[in-house]
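The primary structure of each chain is shown beneath.
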Amino acid sequence: MSELNKIALKIISNGKGILAADESNGTMTKRLTAVGVNSSPENRLKFRETLFSSECMKECIGGVILYDETINQITSFGKTIPDLISSSGAVPGIKVDTGAKDLASSPEEKITEGLDGLRERLKKYYELGARFTKWRGVYKISEKFPSKLAIYSNAHALARYSALVQESKMVPIVEPEVLMDGDHSFELCLKKTSEVIKKCFEELILHNVDLSGIILKPNMILDGNKSKDKISSEEVSQKTIECLKDSVPSDVPGIAFLSGGQSEVEAAENLNSINKNNNTNFIMTYSYGRALQQSALSVWSKNINDTLSTQNTFNHRAKMCTLAAKGKWSNKLENK
Ligand code: 13P
């Protein structure tokens, strides 16, 4: 077993999943402003250290993805953030892309940037304690999108990123996200997501990336969020598994889904269904941002010193996601 494969398995085995707490300062400011909290570096740290000190970190969370500001911060009790995460047994990770910009010659679409100087930044993050990384490619969906250009150029960037990350002895999370936005059908989502993922693996293989040392972070197969239809959890799981079976090489150890705008309960219910029906060798777990933090943020915003209520809320969410990653979630446990 390679070292990279060991790290990947440590993050996603036994029902553990990933807490995506890597919102950029811009995104975090939107989230905090929406709940009436001032977005200062101190408040961003306070919310995050509250989550990272929670009980569920030991049982449920195998890895935490951080943003550059957070990985450099020191907690109120004097530990570095990577030390706090490692002390619960979870692996610290870092978002290393620098964001999605307009794609030249197809400006309605995006290309993710951040390759310039990446080798040097990776060295610094490794020294700070990171052992895995994230890069998100984002794809607009409609009959004509994503274009071949967007599919190719984001796959190319994801592969160059992955090769550099493995060279730095860290595990790359490869995140091609076909957005939920639109009135498209799940059939279209299935077709486009398969095309996107297949191209990513074509490029990863071309760049000699060790597939046993990556984690794939895709979207689930869903109807668009403006569609009048809504497929059942059972169908989400069948279509999602069909897509991944057909497009992901079997060397990949695991798949950690993004929540992408699903509610907390939907994200748990769909992951649960996927695991109940999982007839592949892939570990299927979560790498959620909003679907792990939304309720906790709302509780915290009412009193930012109420650590206990915030942590109780986060513990419950993480527990539900971990049950879902084992196919043992239920509505009854959700509402207990
Ligand atoms: P969501 O689960 O909120 O989609 O965030 C996951 C993520 O890391 C997106 O890049």
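Each remark here, short or long, concerns the structure printed above.
On a predicted model such as this, the values are computed, not experimentally measured, just so you know. (Residues numbered from 1 in each chain as written. Predicted model: local features only at pLDDT ≥ 70, side-chain atom pairs only at ≥ 80, totals over all residues. Heavy atoms only, no water.)

Glancing now at the site of the ligand. Within the structure, the ligand sits among Ala20, Asp22, Lys134, Arg136, Glu175, Lys217, Ser259, Gly260, Ser287, Tyr288, Gly289 and Arg290. In this structure, an oxygen atom belonging to the ligand sits 2.8 Å away from a main-chain N or O atom of Gly289. Here an oxygen atom of the ligand sits 2.7 Å away from a polar atom, N or O, in the side chain of Arg290. With the chains in place, 91% of the 300 Å² that the ligand exposes on its own is no longer accessible. For the shell around the ligand, the elements supplying multiple residues, two or more each, are β6 (132-139) and β10 (283-288). Residues of the shell around the ligand, tallied by class, amount to 2 nonpolar, 4 polar and 6 charged. (Near = heavy atom within 4 Å. Polar contact = N/O pair within 3.5 Å; in protein donor to acceptor, adjacent residues only side chain to side chain. Areas by Shrake-Rupley, 256 points an atom, 1.4 Å probe, with all protein chains shown as cover. Helix = DSSP H or I, 4+ residues; strand = E, 2+ residues; numbered from the N terminus. Nonpolar A, V, L, I, M, F, W, Y, C, P; charged D, E, K, R; others polar.)

The space that makes up the largest pocket amounts to roughly 840 Å³. Around the largest pocket, the lining comprises 35 residues; the ones closest to its centre are Thr27, Lys95, Lys134, Arg136 and Glu177. Every element with two or more residues in the lining of the largest pocket is listed here: α2 (25-34), α7 (118-128), β6, β7 (171-178) and β10. Ranked by residue count, the leading element in the lining of the largest pocket is β6, at 3 residues. Along the lines of polarity and charge, the residues of the lining of the largest pocket split into 10 nonpolar, 11 polar and 14 charged. Roughly 270 Å³ of internal volume is contained in the second largest pocket. Leu222, Lys230, Ile231, Glu266 and Asn270 are, among the 16 residues lining the second largest pocket, the residues nearest its centre. Take the lining of the second largest pocket: its biggest share by element is 3 residues, from helix α11 (residues 264-276). The residue makeup of the lining of the second largest pocket, split by class, is 4 nonpolar, 7 polar and 5 charged. (1 Å grid on protein atoms, 1.4 Å probe; cavity = no way out; pocket = protein on both sides within 12 Å on 5 of 7 lines; lining within 4 Å. Points joined across faces, edges and corners; volume = space filled by probe spheres on them.)

Our focus in this paragraph is the packing of α7 against helix α8 (residues 148-167). At a minimum axis separation of 10 Å, α7 and α8 run at an interaxial angle of 40°. Compared by their axis directions, α7 and α8 come out oblique. As for how α7 packs across α8, the hand of that crossing is right-handed. Along its contact with α7, which presents Leu118, Arg119 and Leu122, the element α8 presents Tyr161, Leu164, Val165 and Glu167. When grouped by side-chain class, the residues that make up the contact of α7 with α8 number 5 nonpolar, no polar and 2 charged. (Axes fitted to C-alpha atoms, helices over the stretch in contact; angles between N-to-C directions. Parallel < 35°, antiparallel > 145°, perpendicular 65-115°, else oblique. Left-handed = near helix turned anticlockwise from the far one by under 90°. Contact = heavy atoms within 4.5 Å.)

Okay, the packing of helix α10 (residues 233-247) against α11 next. Packing of α10 against α11 leaves a shortest axis separation of 8 Å and a crossing angle of 55°. As far as their axial angle goes, α11 and α10 are oblique. Of the two possible hands of crossing, α10 and α11 adopt the one that is right-handed. Contacts between α10 and α11 pair Ser233, Glu234, Val236, Ser237, Thr240 and Ile241 from the former with Glu269, Asn270, Ser273 and Ile274 from the latter. Grouping the amino acids of the contact of α10 with α11 by side-chain chemistry returns 3 nonpolar, 5 polar and 2 charged.

Keep in mind these values describe shape, not function.
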